[in-house]
Each structure stands twice: as structure tokens, then as C-alpha cells.
Amino acid sequence: MNDKKIAVLLSGGVDSSVVVYELVRQGLHPDCFYIKIGPEEEEEWDCSSEEDLEMATAVAAKYGCRLEVIDCHREYWDQVTAYTMEKVRAGLTPNPDVMCNRLIKFGAFHEKRGHDYDLIATGHYAQTEVIDGVKWLTTSPDPVKDQTDFLAQIYGWQLEKAIFPIGHYVKDEVRQIAEREHLVSAHRKDSQGICFLGKINYTEYIKRYLGEQPGDVVELETGRLIGQHRGHWFYTIGQRKGMGFGGGPWFIVKKDPQQNKLYVAHGYDPSTVYKQAFLVHDFHSINGQMPGRNITFKIRHTPEYHHATFEAQGDGRFLIASDAPIHGVAPGQFCVVYDEDHHRCYGSGEITI
């Protein structure tokens, strides 16, 4: 890689900081970029990224790398946030971080500055591997931190330029490197939730753009009215906590956006919360390769993955038939598909029920 121009997306967190160290250790001299994103009205939301930028500046200076701030605030709003609100309003369960990687980190950044570089390095826990001449996105050895699910909507040309210098490590090893090298970000906590929200509550963020719309909460099995909700977009299928309905526990098992109704089931583990087969549409193959019949998959960012079969339905949709029932399958979620060994990531499609 010595003859390659490398850009590092440096967030100020421990992972991307160690990326810079790893590249410099190999005798490389990357340029660093801090991508500025955030809600549409930053001053109103008090979504300061000053600490992140200070950390990124310190890391870049430590290794003599140039740091440039790239403002992708408008692109984030126009593309990722608009996508999120459209899906939530329709009663679906979106994943903004998945779309951020495709549209912003490897998209808008590339249009602004990344096109000047041969490779773009990030702190994702993922790997790449060339198999029979084809570059694949492959899983990290850290099952808890593996982030291939967040990368499963990127395009093949984006994968060709992507490198993940810490992808072969587990998180504890990255922390140890950061501490040994006295990086200022060594003890920073991992970011949680939507990538730009910081301390902002996701429910409050949705309320800011969609408001409230009270509606009925109905017991699925009996049709009995349980209570009122504030708006179906505040709730997700499979949710149990934070609903405030008496006589629980209750699980959200179905949403009717047209009628603005939520359907719930009673109990600690009701069977109606589970599905064993479901359809996905708009399946996105990262490198043009499609899965075989036997796959593994996941529908949320957890260490667990599931074995299933994958079958085309002839109408652009695919049937995922899991070996075991899955909790909380919700329309709008991305189903991320891997090979049988949960090694190569093919891509992902949106769940439809």
C-alpha cells in the first residue's frame, strides 16, 4: 500500500485513532478527515462535536498527519435523516447507521474529497478478503463488535476502496494498543445509538419532526382496548419496556400505520412475538454475488446469527426460512445475509411482512 493515497475517517474515538497508529506503524502517511454531521438545526439541539474534533486533532497531530474537517451536515439531513423519518412515519423500523455508511462515509465524503484517494480507511470492526478474484466483506473475529451488518448496504465500488485496519482485532486489543501508545482517546466510551445524536434522546428527535398522534393500543388475541399510545412511530415490534401500559408485561407484535393502532400480546415471552419465515425485498448484493440456498443471517446488531435457507420468490423478493423462530422481526429492518459459516457477507435486504 506504500504507493497508495490513503484517507482515514477520524472520528475522535478510540477505534479510528488506532487506525491512524496502525497505518503509520506500517510506514504509511495517511491524510485524516473528520466528517461533521448532525441534526438539521444544530444550535437548537446542542449537538456539539467539539470534544470529538479535539480528540481527532490531537491524534492527527501526534502522528504528523494532516486533518481536514468535511461538512456533510446537509447531505446527512437530505439523505439519511429524511430516509429515517419516511420509514418511521410509514410504521417501519429503519437503520440510519446502515445508510450513513453507504450515503455519507463512503458516499458524500467520496464526492467531496474521497475521489482524490485510492483507499478510505475506517475504524469498523470488519475485514475484506479477495476470494477467486472477488473482494468480499468478511466478519471480524470479535462477535460482539463485528460491524459487517452496518456495512451491508455499501456498493461494490465503495468496498473496493475500503480498508479496515483494526478489523482483525477484538475490542480489548484495540483498547490495549491505545493505552500503550498513550492516545488521548484510549479511555473514551464507545458511542451508542444513532451516530449523530450523541446525548439527544431518539424519541425526542422523532417527536421534533413527526410530533405526536395518539391512537389505540389493542390486545391482538382478544381485540380488547388496552390504552392509548402517543404515535405508532415511537414504538417498534418486539418492544416490551418503556410503553407505560398497565397490566403488563406487554409486547408490541403488530403496527397498523393507516389506523394508527398498535397491537400487543400479553406475557413474558408470547409466541406472537416470534417469526420463523419472512420475506425481504430490494436485496442489495455488495459485490454482485448472490447467496446460495443455505445461509446465516441477522436482523439486528447482536453477536447472535441464525441459520436459514434463502429462496427467490420470482417477484424480486426472497424468502428467509430460519431454522428456529426469531424474536422481534419487523418490517423495514435490514436482514443481513452471510454464507453458511458466517464469514462472507453478501449484503442485505429490507424485511417485508
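Refer to the structure presented above.
Residues numbered from 1 in each chain as written. Predicted model: local features only at pLDDT ≥ 70, side-chain atom pairs only at ≥ 80, totals over all residues. Heavy atoms only, no water.

Chemist: Would you mind going over the packing of aromatic side chains with me for this structure?
Modeler: To describe a pair of aromatic rings, you give the distance between the ring centres and the angle between the ring planes. Applying the stated criterion to the full structure yields 12 aromatic pairs. Taking 5.8 Å as the distance between ring centres and 70° as the angle between the ring planes, the aromatic pair formed by phenylalanine 278 and phenylalanine 297 counts as edge-to-face. Of the two residues, phenylalanine 278 is situated in strand β12 (residues 274-285) and phenylalanine 297 in strand β13 (residues 294-298); the sequence distance between them amounts to 19 residues. Phenylalanine 297 gets classed as buried once you look at its relative accessible area, which sits at 0%. Ring centres of phenylalanine 310 and phenylalanine 318 lie 4.7 Å apart, and the angle between their planes is 15°; on these two criteria the pair is classed as stacked. We note that phenylalanine 310, like phenylalanine 318, is buried. Each member of the aromatic cluster is reached from another via a ring pair, and the members are Phe33, Phe109 and Tyr117. (Phe/Tyr/Trp six-rings, centres within 6.5 Å; stacked < 30°, edge-to-face > 60°. Helix = DSSP H or I, 4+ residues; strand = E, 2+ residues; numbered from the N terminus. Buried < 20%, exposed > 50% of the residue type's maximum accessible area, 1.4 Å probe, protein only.)

Chemist: Would you mind showing me how to read the side chain of glutamine 147 here?
Modeler: With respect to the helices and strands, glutamine 147 occurs in the loop between β6 (134-138) and α6 (156-161). Apart from the residues within four sequence positions on either side, glutamine 147 is in contact with Gly123, His124, Tyr125 and His301. (Contact = heavy atoms within 4.5 Å.)

Chemist: It is not clear to me how the side chain of lysine 255 should be interpreted in this structure. Could you clarify?
Modeler: Position of lysine 255 relative to the elements: it lies in strand β10 (residues 250-256). Notably, lysine 255 is buried but unbridged: the nearest opposite-charge side chain belongs to aspartate 256, and the N-O separation is 11 Å. For lysine 255, the side chain forms a polar contact with the main-chain oxygen of histidine 232, separated by 2.9 Å. Side-chain polar atoms of lysine 255 contact the backbone oxygen of tyrosine 235, separated by 2.7 Å. In this structure lysine 255 touches Gly91, His232, Trp233, Tyr235, Ile237, Lys261 and Leu262, once residues within four positions along its chain are discounted. (Lys, Arg positive; Asp, Glu negative; His and termini not counted. Salt bridge = Lys/Arg side-chain N within 4 Å of Asp/Glu carboxyl O. Polar contact = N/O pair within 3.5 Å; in protein donor to acceptor, adjacent residues only side chain to side chain.)

Chemist: I would appreciate a short explanation of the pairing of strand β16 (residues 334-338) in the present structure.
Modeler: Both faces of the sheet carry side chains from a regular strand, because those side chains alternate between them. Here β16 lies mainly inside the structure; five of its five residues are buried. Residues of β16 alternate between two faces, with Phe334, Val336 and Tyr338 on one and Cys335 and Val337 on the opposite face, all of them buried. Sheet analysis places β13 next to β16, joined by three bridges and oriented antiparallel. Looking at β16, one finds that lysine 298 is bridged to valine 336. Bridge analysis of β16 against strand β17 (residues 344-352) gives five bridges, and the strand direction is antiparallel. Each residue of the ladder has a partner; that of phenylalanine 334, found in β17, is glutamate 350. Joining the antiparallel neighbours β16 and β17 is a turn of five residues, in which histidine 342 adopts a positive phi near 55°. (Pairing = 2+ DSSP bridges.)

Chemist: Would you mind showing me how to read the pattern of salt bridges here?
Modeler: Where charged atoms from two side chains of opposite charge come close, those side chains can pair. Evaluated as defined, the whole model comprises 18 salt bridges. With a closest N to O distance of 3.0 Å, arginine 25 and glutamate 22 form a salt bridge. Of the two residues, arginine 25 and glutamate 22 are both situated in helix α1 (residues 14-25); the distance of three residues between them amounts to about one turn of the helix. Between aspartate 78 and arginine 74 there is a salt bridge, and its shortest N-O distance comes to 3.5 Å. With aspartate 78 and arginine 74 both in helix α4 (residues 73-89) and four residues apart, the pair spans about one turn of that helix. For arginine 74, a relative accessible area of 38% gives the class partly exposed.

Chemist: Whenever I open this one, the sheet that holds strand β1 (residues 6-9) confuses me. Can you help?
Modeler: If you trace the five strands from one edge of the open sheet to the other, you get β3-β2-β1-β4-β7, paired in parallel fashion. At either margin of the open sheet sits one strand with a lone partner, and together these are β3 (67-71) and β7 (162-163). Relative to strand β2 (residues 31-36), β1 is paired through three bridges, and the arrangement is parallel. Paired with alanine 7 across the bridge in β2 is aspartate 31. Contacts between helix α5 (residues 96-112) and the sheet are confined to β1, β2, β3, β4 (119-121) and β7, with β2 contributing the most and set at about 110° to the helix. (Axes fitted to C-alpha atoms, helices over the stretch in contact; angles between N-to-C directions.)

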